[in-house]
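# Residue-level structural notes
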Amino acid sequence: PPPPPPPPPPPFFFLADDGLRDSSTSRGLGDVYKRQGQAWQLAQEVDNAIEVFEEAAKLADDGKIYERLSYLYLVDDQFDRCVDSASGALDKGGLR
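The structure presented is a predicted model; accordingly, all values stated were derived computationally and were not measured. (Residues numbered from 1 in each chain as written. Predicted model: local features only at pLDDT ≥ 70, side-chain atom pairs only at ≥ 80, totals over all residues. Heavy atoms only, no water.)

## A word on the packing of helix α3 (residues 64–75) against helix α4 (residues 79–92)
Axis separation between α3 and α4 bottoms out at 8 Å; the angle between their running directions is 165°. Classified by the angle between their axes, α3 and α4 sit roughly antiparallel to one another. For the pair α3 and α4, the sense of crossing is left-handed. Together, Tyr66, Glu67, Leu69, Ser70, Tyr73 and Leu74 of α3 and Phe79, Arg81, Cys82, Ser85, Ala86, Gly88, Ala89 and Lys92 of α4 make up the contact between the two elements. Among the residues making up the contact of α3 with α4, the classes are represented as 8 nonpolar, 3 polar and 3 charged. (Axes fitted to C-alpha atoms, helices over the stretch in contact; angles between N-to-C directions. Helix = DSSP H or I, 4+ residues; strand = E, 2+ residues; numbered from the N terminus. Parallel < 35°, antiparallel > 145°, perpendicular 65-115°, else oblique. Left-handed = near helix turned anticlockwise from the far one by under 90°. Contact = heavy atoms within 4.5 Å. Nonpolar A, V, L, I, M, F, W, Y, C, P; charged D, E, K, R; others polar.)

## A word on the nonpolar core
Residues Ala49, Ile50, Phe53, Ile65, Leu69, Leu72 and Tyr73 are the most contacted members of the largest nonpolar core, which totals 13 residues. Elements supplying a minimum of two residues to this core: α2 (46–59) and α3. Of all the elements, α2 adds the most residues to this core, at 6 residues. Those residues within four positions of tyrosine 73 in sequence are excluded, and the remaining contacts are Ile50, Glu54, Gln78, Arg81, Cys82 and Ser85. (Core = buried A, V, L, I, M, F, W, Y, C linked by side-chain atoms within 4.5 Å. Buried < 20%, exposed > 50% of the residue type's maximum accessible area, 1.4 Å probe, protein only.)

## Re helix α1 (residues 29–42)
For α1, which comprises 14 residues, the first-to-last C-alpha distance of 20 Å matches the rise-based estimate of 20 Å (1.5 Å per residue) to within 8%. Among the residues making up α1, those that are buried are Gly30, Asp31, Val32, Gln36, Gly37 and Trp40. Looking at the packing, one finds that the buried side of α1 touches α2. Residue glutamine 44 follows α1 closely and has a positive phi angle near 60°. (Expected span 1.5 Å × (residues − 1).)

## With respect to the pattern of salt bridges
Any two side chains of opposite charge can pair, given that their charged atoms come close. Counting across every chain of the model gives 1 salt bridge. Note that glutamate 55 and lysine 58 form a salt bridge whose closest N and O atoms lie 3.2 Å from each other. You can see glutamate 55 and its partner lysine 58 sitting in helix α2, 3 residues apart, about one turn around the helix. With relative accessibility at 32%, the residue glutamate 55 sits in the partly exposed group. Here lysine 58 falls in the exposed class, since its relative accessible area comes to 57%. (Salt bridge = Lys/Arg side-chain N within 4 Å of Asp/Glu carboxyl O.)

What follows is the structure, given as structure tokens:
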């Protein structure tokens, strides 16, 4: 009989060909966190997405990550954190 198929990769991953190892093309650790957070959000793993986006927000140059984090807090019924994150988004700026 043929061998069983390999297990699917976990949703939390790094790709070596992402340009993460090449400092001339890397967009930085904040971008890595952002991509991981997006993957968790698409998988509807809100708690995991929040954890990763909190790290991305610390490294962000604008308020877009805080804006997304605010939405995730709202979905997770963490209203005080939602307001704090929305304020952080406005403070950092760069929103539409």
